[in-house]
Amino acid sequence: MYYTCSNTWLSRHFSDKFVKESKRFGYRSRAWFKLDEMQKANNIITSGMTVLDLGSSPGGWSQYASQKVNNLGHVISCDIKPMLEVSKVSFILGDAFKKDVLKKICKIKNKVDVILCDIAPNITGITEIDHPKCISINYKALNLCKYILLKNGKFIIKSFNGSEFKRYYTAIKKLFKKTKIFKPVASRLNSQEIYIIAIGYKV
Ligand SMILES: C[S@@+](CC[C@H](N)C(=O)[O-])C[C@H]1O[C@@H](n2cnc3c(N)ncnc32)[C@H](O)[C@@H]1O
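The structure displayed is predicted, hence computed values, not measured ones. (Residues numbered from 1 in each chain as written. Predicted model: local features only at pLDDT ≥ 70, side-chain atom pairs only at ≥ 80, totals over all residues. Heavy atoms only, no water.)

Caption draft 1: Layout of the overall build of the protein. Within the protein, the secondary structure is distributed over seven helices and seven strands. Along the protein, helices (α) and strands (β) appear in the sequence α-α-α-β-α-β-β-α-β-α-β-α-β-β when read from the amino end. Over its C-alpha trace the protein gives a radius of gyration of 16 Å, about what one expects of a compact globule, namely 17 Å for 203 residues. For the protein, buried positions account for 49% of its 203 residues. Roughly 10,500 Å² of accessible area belongs to the protein as shown, and the carbon and sulfur atoms make up 56% of that amount. Distance between charge centres in the protein, computed from 35 positive and 15 negative side chains, equals 6 Å. (Helix = DSSP H or I, 4+ residues; strand = E, 2+ residues; numbered from the N terminus. Rg over C-alpha atoms; globule rule 2.2 N^0.38 Å. Buried < 20%, exposed > 50% of the residue type's maximum accessible area, 1.4 Å probe, protein only. Areas by Shrake-Rupley, 256 points an atom, 1.4 Å probe, with all protein chains shown as cover. Lys, Arg positive; Asp, Glu negative; His and termini not counted. Charge placed at Lys NZ, Arg CZ, Asp CG, Glu CD.)

Have a look at this one:
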């Protein structure tokens, strides 16, 4: 995620309990803990699965997913920013919503069991600008499901509270058997981010 790195943000970031813990355990990001909470409550990723991690850099979720899928499964990650290698993870550098990236993903695996999307746009701090950008990304990620998500697959996506959220959530509910909204403890309280956990892709 891109942030404006003000002194306030930097000091809050480095005093953050999850930042400290991720450093201690060698996790690439504090986001690791968010996926861990979602996994523990919903058993999203299991051994042998193929997981697509969109917006993967610096790699916390990729690290997490690659452990869960084990040697039998596979993780494909993608980000517009480079990512240091994560063991057993195939990384694609590029925009997750561009055709060439989709082609590269499909070359590795035609369809996946789980799509994780933690993509965040360049945040300005102005809700009227940030919210529509986030929701637009959310729709693009949902659209990707029809090309690469297996029937009965799972879709976990970061969204943002705001005027367009309800409409987006309704769109997801139509395509999946079970959906829920999840605010991980590791997600900053003052952040508008929330996650949608959608299970059982119908198409
Ligand atoms: C919050 S970070 C992801 C953190 C990651 N889940 C982790 O565990 O380390 C959001 C990421 O989305 C990426 N991103 C933004 N737009 C993107 C796009 N169109 N395609 C791929 N990645 C994108 C950013 O470069 C950034 O690395």
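The structure having been displayed, the exposition proceeds.
Caption draft 2: Examining the UniProt feature "active site" (unreviewed entry) in the protein more closely. Under the present numbering, the feature "active site" (unreviewed entry) in UniProt falls on Lys158. A polar contact is formed between the side chain of Lys158 and the side chain of Asp118, at a distance of 2.9 Å. (UniProt positions renumbered as here; feature names shortened; annotations may be inferred. Polar contact = N/O pair within 3.5 Å; in protein donor to acceptor, adjacent residues only side chain to side chain.)

Caption draft 3: Representation of the sheet that holds strand S7 (residues 193-201) within the structure. Within the open sheet, the seven strands sit side by side as S3-S2-S1-S4-S5-S7-S6. Their pairing is mixed. The two strands at the open ends of the sheet, each matched to only one other strand, are strand S3 (89-93) and strand S6 (176-182). Between one strand and the next, the sheet's axes are offset by a mean angle of 15 degrees, whatever the strand orientation. The pairing of strand S4 (residues 112-117) with strand S5 (residues 149-160) spans five bridges and is classified as parallel. Looking at S5, one finds that Val112 is bridged to Leu149. Most of the contacts of helix H3 (residues 31-42) go to S6, to which it runs at about 130 degrees, and overall it touches S4, S5, S6 and S7. Contacts between helix H6 (residues 127-148) and the sheet are confined to strand S1 (50-54), S4, S5, S6 and S7, with S5 contributing the most and set at about 175 degrees to the helix. (Pairing = 2+ DSSP bridges. Axes fitted to C-alpha atoms, helices over the stretch in contact; angles between N-to-C directions. Contact = heavy atoms within 4.5 Å.)

Caption draft 4: Layout of the nonpolar core. Of all hydrophobic cores here, the largest spans 32 residues; its most connected members are Leu54, Ile115, Phe155, Ile172 and Phe176. For this core, the elements supplying multiple residues, two or more each, are S1, strand S2 (74-79), helix H5 (99-108), S4, H6, S5, helix H7 (165-175) and S7. Those residues in contact with Ile115 that sit more than four places away from it in its chain are Leu52, Leu54, Cys145, Ile148, Leu149, Lys154, Phe155 and Ile156. (Core = buried A, V, L, I, M, F, W, Y, C linked by side-chain atoms within 4.5 Å.)

Caption draft 5: View of the pattern of salt bridges. Per the counting criterion, the structure on display carries nine salt bridges. For the salt bridge of Lys40 with Asp36, the shortest nitrogen-to-oxygen distance reads 2.8 Å. Highlighted residues: Lys40 and Asp36, both in helix H3, separated by four residues, approximately one helical turn. One salt bridge in this structure joins Glu164 and Arg167, with 3.0 Å as the shortest N-O distance. (Salt bridge = Lys/Arg side-chain N within 4 Å of Asp/Glu carboxyl O.)

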